[in-house]
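Observations on the three-dimensional arrangement
What follows is each chain in one-letter form.
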Amino acid sequence: MWRARRAAEACKVCQSLVNARYAVRGPLPLLRLHLISRSLHHLRPLPARPRRPHLPVSCQPFSSLSHLPLRRWKLSPAKPGYQPRRHFWPARLAARLLRLRYLLLGSAVGGGYTAKKTFDQWKDMVPDLSDYKWIVPDFVWQLDEYIDFEKLSQALPDSESLARLLPDLDKLAGSFSLLKDFFSTGTSGETAFRATDASESDRQFKKVSDKEKVEQLQEELLRTQLKYQRILERLEKENKELRKLVLQKDDKGIHHRHLKKSLIDMYSEVLDVLSDYDASYNTQDHLPRVVVVGDQSAGKTSVLEMIAQARIFPRGSGEMMTRSPVKVTLSEGPHHVALFKDSSREFDLTKEEDLAALRREIELRMRKNVKEGCTVSPETISLNVRGPGLQRMVLVDLPGVINTVTSGMAPDTKETIFSISKAYMQNPNAIILCIQDGSVDAERSIVTDLVSQMDPHGRRTIFVLTKVDLAEKNVASPSRIQQIIEGKLFPMKALGYFAVVTGKGNSSESIEAIRDYEEEFFQNSKLLKTSMLKAHQVTTRNLSLAVSDCFWKMVRESVEQQADSFKATRFNLETEWKNNFPRLRELDRNELFEKAKNEILDEVISLSQVTPKHWEEILQQMLWERVSTHVIENIYLPAAQTMNSGTFNTTVDIKLKQWTDKQLPAKAVEVAWETLQEEFSRFMTEPKGKEHDDIFDKLKQAVKEESVKRHKWNDFAEDSLRVIQHNALEDRSITDKQQWDAAIFFMEEALRGRLRDTEAVLENMVGPDWKKRWMNWMGRTQEQSIHNETKNELEKMLKCNEEHPAYLASDEITTVRKNLESRGVEVDPCLIKDTWHQVYRRHFLKTALSHCNLCRRGFYYYQRHFVDSELECNDVVLFWRIQRMLSITANTLRQQLTNTEVRRLEKNVKEVLEDFAEDSEMKVKLLTGKRVQLAEDLKKVREIQEKLDAFIDALHQEK
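Before going into details, it helps to say that this report is about the structure given with it. (Residues numbered from 1 in each chain as written. Predicted model: local features only at pLDDT ≥ 70, side-chain atom pairs only at ≥ 80, totals over all residues. Heavy atoms only, no water.)

1. Some points on the overall build of the protein chain
Secondary structure summary: the protein chain contains 36 helices and nine strands in total. The burial tally for the protein chain puts 46% of its 959 residues in the buried class. Within the protein chain, residue pairs in contact and separated by at least 24 positions form 81% of the contacts whose partners lie at least 6 positions apart. Accessible area of the protein chain: about 52,000 Å², with a carbon and sulfur share of 50%. (Helix = DSSP H or I, 4+ residues; strand = E, 2+ residues; numbered from the N terminus. Buried < 20%, exposed > 50% of the residue type's maximum accessible area, 1.4 Å probe, protein only. Contact = heavy atoms within 4.5 Å. Areas by Shrake-Rupley, 256 points an atom, 1.4 Å probe, with all protein chains shown as cover.)

What follows is the structure, encoded as structure tokens:
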């Protein structure tokens, strides 16, 4: 029974304390009092806290303070078993007073318990609250404005109730009665609160209208929110500096231990691999990313820079600067740096020169991605930004949506931008950050309709209104801004709506200056004072937090489903490979290229293993084929047809000198270069039996053509050849019979070849002979018949004079023409000359061949310098000189080939292969086929799955 009575009395005391709490008048933040009580709570363990009653109606306007974006502070709880010293009764009295939590929560009366004398006695007993001064600023001087002392005194319990409830606090009851009298009588002496007359404050309060009350409360609420917002920002700044120090300390051990990749970096790598595998962004890529879309010059880039805390993007006044998507991965790190995916250079974002270099590099990469004749490109630039305090997420900045194609743009620029934006936004897990310019009419927006098409229910869209400062100045009706932020003006729907300010339009502004300007603007803005905007809907900082939370929520919900999808894709690809290529290894395009590269280099090395004899034989044969016509037609025949030994030698020497000075060296180098190309091509394209893989044929052909195009023969080769060839042709001394016979054989082969060519020309001119006509049922044309009659007439003339000169006299032409006319054949003098040229050429070559047979025994006379008209074999000496020149030239060219040109060609081949290795488009073009594509897809899917599994494991560990 005594326990029940004591519990009832305790309930009465608690109810009195609760009423005392709500005697507080005005917008004093309850959180301040709560933090004070928690700070003093360590003096003694408190009993179990009774259930808090519902708030009175008069206090509900202040309940919204609990929604302020404040950080909850965790103070150390009281240590169990702690006991204060009982012989120090002032400390005991203070501890028992402070046990009354609701008394302190409602009024904080410990600071004004008595008059100045009593306060001086108690001041030494109260703990030092200087560490919590930032939580209760100006508390002592403002409390009297917010507390109704009359109601508080009535709500306090009497001393008897306290004495029964707390029998060990006898002295506390007497002191407490003194405290109640103090509040009921309103002591006129000097107090710590400098309290005003209660009745006077009541009269002043009644004079204020209800509207003014609301305005005062709203202004006080706004001031409190902004005040605690600044406190929170200051604490976060300090936290950022501390985290930076921790990260820097941790960064010092990078070289001593393996540094694990951050979670966002692992996720970014997955997206990079996906972008390489699935450039079209089809249904296989459903991983979340934040897609930043908006009209051109709406402030997309500025918002992204505020989130990244650095001016990293190129800028232009009214000009399209974002020409290709830029994927920005934000992560925490000890230093504020940026680096590209395919580069190891770090840009220090705290230095202006590095920022300028980064902007130039991004602009160069964008222009490089844009193909000729286009304005924008779908190729993505991947950039990582690290720094202390950055929110971890992946954002993609897209080209701004345009309504009109201006001069200088490609005609399909508008459609291309729409297709790029749709490709990113159609991903069902992509978060759409829709940027709208608040300084222009909402009806001019294009991007909102596009976003509505891609996300009609607004389940993954966050709307951002930029340039709110200009909008507040220029918009006639501020409620229009409120309609936009509340989602009532646009037909599109969104998860959240935010209003931000990203500077004054000056590209030289720093991020810190923009942030200060944004905070100052919203602190003084009527949009917040009139509650058109909520505190959590403003500033880029709140936007960054909201986007990061939404991003990671989407990632956690979708990443495992995507991993399962890629597992199924991998199984299908592996099954297809086993069925189509069971005995081949799964080599992707890069591995195939390396294999082909090794084969090509081996084939180039094979050129150096060609024997000198083989080189010289090929070079001599090709060189003679190239110069034989000139030697026979321009040197030998004109000289031999003079029928005079002296004239023959003179003509030959002159023509050989002219030929050597002007044509022969260049012709020899040309032949050598063609010979090297043919041998190189033979090694490259020659089938290797079972080891030959036709998948490399296109690549080898391209390497061969490009290497040949880049190769140039040594410029000094012609000069050295000219001297060597001139000296070789100057020599007339045949030393032995073997060389003489070789020269005769060489001459006979050359003349027989020309004789066959001449007879073929004659046969074509006069038509088939009687055997072919009878056997093959062939006939002659009228022109061929005329040529045949003319030939027969000219042959009769040659039989009469076998030593006839090479040219017909005019009277002989007339005679032939008349003889033909007498037989009814009308001929033209030009036709007679043409026929004579071939007839005499055949007759001369036959005579020269018969002369070769006579010269076989002429070496004895040549050696002893005997003069015999029949055995004067000057033509044999000429062909010996030509043959020797060909042999020496071939030897010289072979030395140039093996010593210099083959190595230079090998170097060119290596350079071409290195260039092809860096050009992914070239490899895709040259290494094609189902086998290549299947292996490529299989490798990418395996890599994606492995990275996804590692990311999911790290994600679970972080949870």
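After that view of the structure, there is still more to cover.
2. Looking at the environment of Ala-563
Relative to the assigned elements, Ala-563 resides in helix α21 (residues 540–580). It is 8.4 Å that separates the C-alpha atoms of Ala-563 and Ile-944, two residues lying 381 residues apart in sequence. Residues contacting Ala-563, with those up to four places away along its chain left out, are Leu-948, Asp-949 and Ile-952.

3. Digging into the packing of α21 against helix α36 (residues 930–958)
Packing of α21 against α36 brings their axes to within 8 Å, and their N-to-C directions diverge by 150°. As judged from the angle between their axes, α21 and α36 are roughly antiparallel. Along this stretch, α21 crosses α36, giving a crossing that reads as left-handed. Each residue belonging to the contact of α21 with α36 can be placed in one class, and the counts come to 16 nonpolar, five polar and 12 charged. (Axes fitted to C-alpha atoms, helices over the stretch in contact; angles between N-to-C directions. Parallel < 35°, antiparallel > 145°, perpendicular 65-115°, else oblique. Left-handed = near helix turned anticlockwise from the far one by under 90°. Nonpolar A, V, L, I, M, F, W, Y, C, P; charged D, E, K, R; others polar.)

4. Digging into the environment of Pro-478
Its location among the elements puts Pro-478 in the loop between α17 (468–474) and α18 (479–485). Overall, the relative accessible area of 38% leaves Pro-478 in the partly exposed class. Along the backbone, Pro-478 and Lys-526 are 48 residues apart, and their C-alpha atoms lie at a distance of 9.0 Å. Once residues within four sequence positions are removed from consideration, Pro-478 is found in contact with Leu-527 and Met-532.

5. Topic: the sheet that holds strand β3 (residues 337–340)
Across the sheet, which stays open at both edges, the nine strands sit in the order β4-β3-β5-β2-β6-β1-β7-β8-β9 with mixed pairing between neighbours. The two strands at the open ends of the sheet, each matched to only one other strand, are β4 (347–348) and β9 (496–499). With four bridges connecting them, β3 and strand β5 (residues 381–386) associate as antiparallel partners. Within β5, the position partnered with Ala-338 by the bridge is Val-385. Strands β1 (290–294), β7 (431–437) and β8 (461–466) of the sheet are contacted by helix α16 (residues 447–454), whose axis makes an angle of about 160° with β7. (Pairing = 2+ DSSP bridges.)

6. Description of the pattern of salt bridges
Scanning the entire structure with this criterion turns up 43 salt bridges. Linking Asp-397 and Lys-300 is a salt bridge whose minimum nitrogen-to-oxygen distance equals 3.2 Å. Placement of the pair is Asp-397 in strand β6 (residues 393–397) and Lys-300 in helix α13 (residues 300–308), with a sequence separation of 97 residues. Relative accessible area serves as the criterion here: at 0%, Asp-397 is assigned to the buried category. For Lys-300, a relative accessible area of 5% translates into the label buried. In this structure, Arg-856 engages Glu-748 in a salt bridge whose closest nitrogen and oxygen atoms are separated by 2.5 Å. (Salt bridge = Lys/Arg side-chain N within 4 Å of Asp/Glu carboxyl O.)

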